Amino acid sequence: MGRIAGRFARVEPRRRTGRLVLGLLADLPRKNCWTIAEWAGEATPHGMQHLLCRASWDAEAVRDDVRDYVVEHLHDEAAVLVVDETGDVKKGAHTVGVQRQYTGTAGRIENSQVAVYLVYAGERGHAAVDRELYIPRSWTSDPNRCRAAGLSEDTVFATKPELARVMIDRFLTAGHRIGWVTGDEVYGGNPKLRAALEERGIGYVLAVACSAEIPTGAGTFRADVLVKKVPKRAWQKLSAGHGAKGQRFYDWAVIDLTEAASGRHQLLIRRNRTTGELAYYRCHFTTPASLALLVKVAGSRWRVEETFQSEKGLAGLDEHQVRRYPSWARWVTLAMLAHAFLVVVRAEEHAHRPTSDDLIPLTCNEIQRLFITVAVPPGHGPAHRLSWSAWRRRHQSRSRASHYRRQAASRT
């Protein structure tokens, strides 16, 4: 918390932010301003809500502090930046960025809010270092709706690859170096993102659809047509990294491509050894890269799923109950900070405190349990709990009465 102390105009919001971050790490069944305020010993949720809505502090600067904190402690010359989006299912139409759209969280089209994240993945760990909320055209075409949600009236539509490019540029402009970027088909199928990375001299291994048109010396072919021309001897069995059940072995092959841009371009093909399922990746690099290195970069993409699962399960990334953009940005940034803390502690423990053979290394889940149990004072007594019970029921009574009045007015 000391790293971000200078981002607050007053000491009160700084201290409350510390309590909010601890609440995000607490073992609460649900994490929002109400539950965290009760856990932190505050009389009402108003202070936490004020912190997210109106208090004077710079969430964008805190985001930069989180990025610098992660890179400093997880620094790895072979680290990879992973771009991906995740969605939160929402009700209603007033939460910023919400509309019916596909979200991988539900696996189908749902009323949801989607954000793009940039994850720093190295040998010591992985954590999100940037975020951008995806604002659909249904919002950007309605200035009044944007203004009501805390967005600028001149907010313009940006695709997910464009948001990814903004975050990568921000990462590099801050003075950090990276050799590789990876992402799924949403990003691999965008020529502008690939061109921007090539101009920066950054290598990439980006997934593309089977229907992607691939230029070769013999002409342009669809990826799923091109794979049929790969001879049997070209396939190699290589691991894409550790998974939940050990090494993830696949068969891999590469095909050289012809591109006008500088550097070397290849199509990387992955084949599941059991099902035969195929996946395709557009690759670019300016210095020699072996097949094993390309496979390692491609395998780094799974780190983003682990990051989302951990951030949501341990730091409440998706449990915010806010509607306006400033509140969303503040909540998500503090959740990223809370998760980064766990990842950094894990990395330091693994580096300096090797475990015995009969113990697995400390995980983020176990570090969270130990930290909240050992470092945070016990909860408040029965009087505090009873006071909160009365406050909740009083608030719910007012809400019910207001709802009934609206219903009566609509009938007349």
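Some points on the overall build of the protein
Point 1. In terms of regular secondary structure, the protein is built from 15 helices and 12 strands.
Point 2. Taking 2.2 N^0.38 as the reference for a compact globule, 412 residues should give roughly 22 Å; the C-alpha atoms of the protein span a radius of gyration of 24 Å, in line with that estimate.
Point 3. Structurally, the protein occupies a C-alpha span of about 75 × 65 × 40 Å along its principal axes.
Point 4. When each of the 412 residues of the protein is scored for burial, the buried share is 47%.
Point 5. In the protein, of all internal contacts separated by at least 6 residues, the share reaching a separation of at least 24 is 62%.
Point 6. Working note: accessible area of the protein is about 20,700 Å², and carbon and sulfur atoms make up 51% of it.
Point 7. Side-chain charges in the protein split into 60 positive and 44 negative, and the spacing between the mean points of these groups amounts to 7 Å.

Here's the deal with the pattern of salt bridges
Point 1. Evaluated as defined, the whole model comprises 27 salt bridges.
Point 2. R63 is the salt-bridge partner of D64, the closest N and O atoms lying 3.0 Å from each other.
Point 3. Its relative accessible area of 22% is what places D64 among the partly exposed residues.
Point 4. R63 is the partner of D130 in a salt bridge, and the nearest nitrogen-oxygen pair spans 3.8 Å. In this pair, D130 is assigned in strand β4 (residues 125-133) and R63 in helix α4 (residues 59-74), connecting sequence segments 67 residues apart.

Section: the packing of helix α1 (residues 11-25) against helix α2 (residues 33-40)
Point 1. Contact pair α1 / α2: the axes reach a minimum separation of 9 Å and the direction vectors enclose 105°. One way to sum up the angle between α1 and α2 is to call them roughly perpendicular. Residue-level contacts link R19, L20, L22, G23 and L24 of α1 to I36, W39 and A40 of α2.

A word on the environment of A253
Point 1. Along the polypeptide, A253 turns up in strand β10 (residues 246-256).
Point 2. According to the relative accessible area criterion, A253 is buried, its value standing at 0%.
Point 3. With residues up to four places along the chain from it excluded, the contact list for A253 reads V230, A234, W235, L267, L268 and I269.

Some words on the pairing of strand β2 (residues 99-103)
Point 1. Relative to strand β3 (residues 108-122), β2 runs antiparallel, the two being bridged by 5 bridges. By the bridge assignment for β3, R100 is matched with N111.
Point 2. Between β2 and β3, which pair antiparallel one after the other, the connecting turn spans 4 residues, and G107 there sits at a positive phi close to 75°.

Some thoughts on the environment of V156
Point 1. On the secondary structure map, V156 appears in the loop between α6 (143-148) and α7 (160-173).
Point 2. In the structure, V156 is positioned 18 residues away from A174 in sequence and 24 Å away in space, judged by C-alpha atoms.

Some remarks on the side chain of R282
Point 1. Along the polypeptide, R282 turns up in strand β12 (residues 278-285).
Point 2. Overall, the relative accessible area of 5% leaves R282 in the buried class.
Point 3. Residues within four places of R282 in sequence aside, it is in contact with R194, Y204, V205, L206, V208, E213, I214, P215, L257, E259 and Q266.

Some words on the state of the cysteines
Point 1. This structure, assessed with the given rule, holds 0 disulfides.
Point 2. With no disulfide of its own, C53 lies 7.2 Å from the sulfur of C33, the closest cysteine sulfur.
Point 3. Judged by relative accessible area, C53 falls into the partly exposed class, the value being 36%.
Point 4. Cysteine C146 remains unbridged, with the sulfur of C53 as its closest cysteine sulfur at 18 Å.

Section: the packing of α1 against helix α13 (residues 325-352)
Point 1. Where α1 contacts α13, the two axes come as close as 9 Å, and the packing angle between them is 65°. Where α1 crosses over α13, the handedness of that crossing is right-handed. Along its contact with α1, which presents T17, L20, V21, L24 and L25, the element α13 presents W331, L334, A335, L337, A338, F341 and L342.
Point 2. Across the contact of α1 with α13, the residue classes tally to 11 nonpolar, 1 polar and no charged.

As for the packing of aromatic side chains
Point 1. Throughout the structure, instances matching the rule amount to 12 aromatic pairs.
Point 2. With a centroid separation of 5.7 Å and 55° between ring planes, the pair formed by W388 and W391 is classed as tilted. A residue pair is termed a helical-turn pair when its members lie 3 or 4 positions apart in one helix, as W388 and W391 do in helix α15 (residues 382-411) at 3 residues. Comparing W388 with W391, the two get one shared label, buried.
Point 3. It is R145 that lies over the ring of W139; its NZ or CZ is 3.8 Å from the centre.
Point 4. Directly above the ring of Y134 sits K160, whose terminal nitrogen or CZ lies 5.1 Å from the centroid.

Reading guide: rules and limits
- Residues numbered from 1 in each chain as written.
- Predicted model: local features only at pLDDT ≥ 70, side-chain atom pairs only at ≥ 80, totals over all residues.
- Heavy atoms only, no water.
- Helix = DSSP H or I, 4+ residues; strand = E, 2+ residues; numbered from the N terminus.
- Rg over C-alpha atoms; globule rule 2.2 N^0.38 Å.
- Buried < 20%, exposed > 50% of the residue type's maximum accessible area, 1.4 Å probe, protein only.
- Contact = heavy atoms within 4.5 Å.
- Areas by Shrake-Rupley, 256 points an atom, 1.4 Å probe, with all protein chains shown as cover.
- Lys, Arg positive; Asp, Glu negative; His and termini not counted.
- Charge placed at Lys NZ, Arg CZ, Asp CG, Glu CD.
- Salt bridge = Lys/Arg side-chain N within 4 Å of Asp/Glu carboxyl O.
- Axes fitted to C-alpha atoms, helices over the stretch in contact; angles between N-to-C directions.
- Parallel < 35°, antiparallel > 145°, perpendicular 65-115°, else oblique.
- Pairing = 2+ DSSP bridges.
- Disulfide = S-S within 2.5 Å.
- Left-handed = near helix turned anticlockwise from the far one by under 90°.
- Nonpolar A, V, L, I, M, F, W, Y, C, P; charged D, E, K, R; others polar.
- Phe/Tyr/Trp six-rings, centres within 6.5 Å; stacked < 30°, edge-to-face > 60°.
- Lys NZ or Arg CZ within 6 Å of the ring centre and 35° of its normal.

Purely geometric stuff here, so don't read any function into it on its own.
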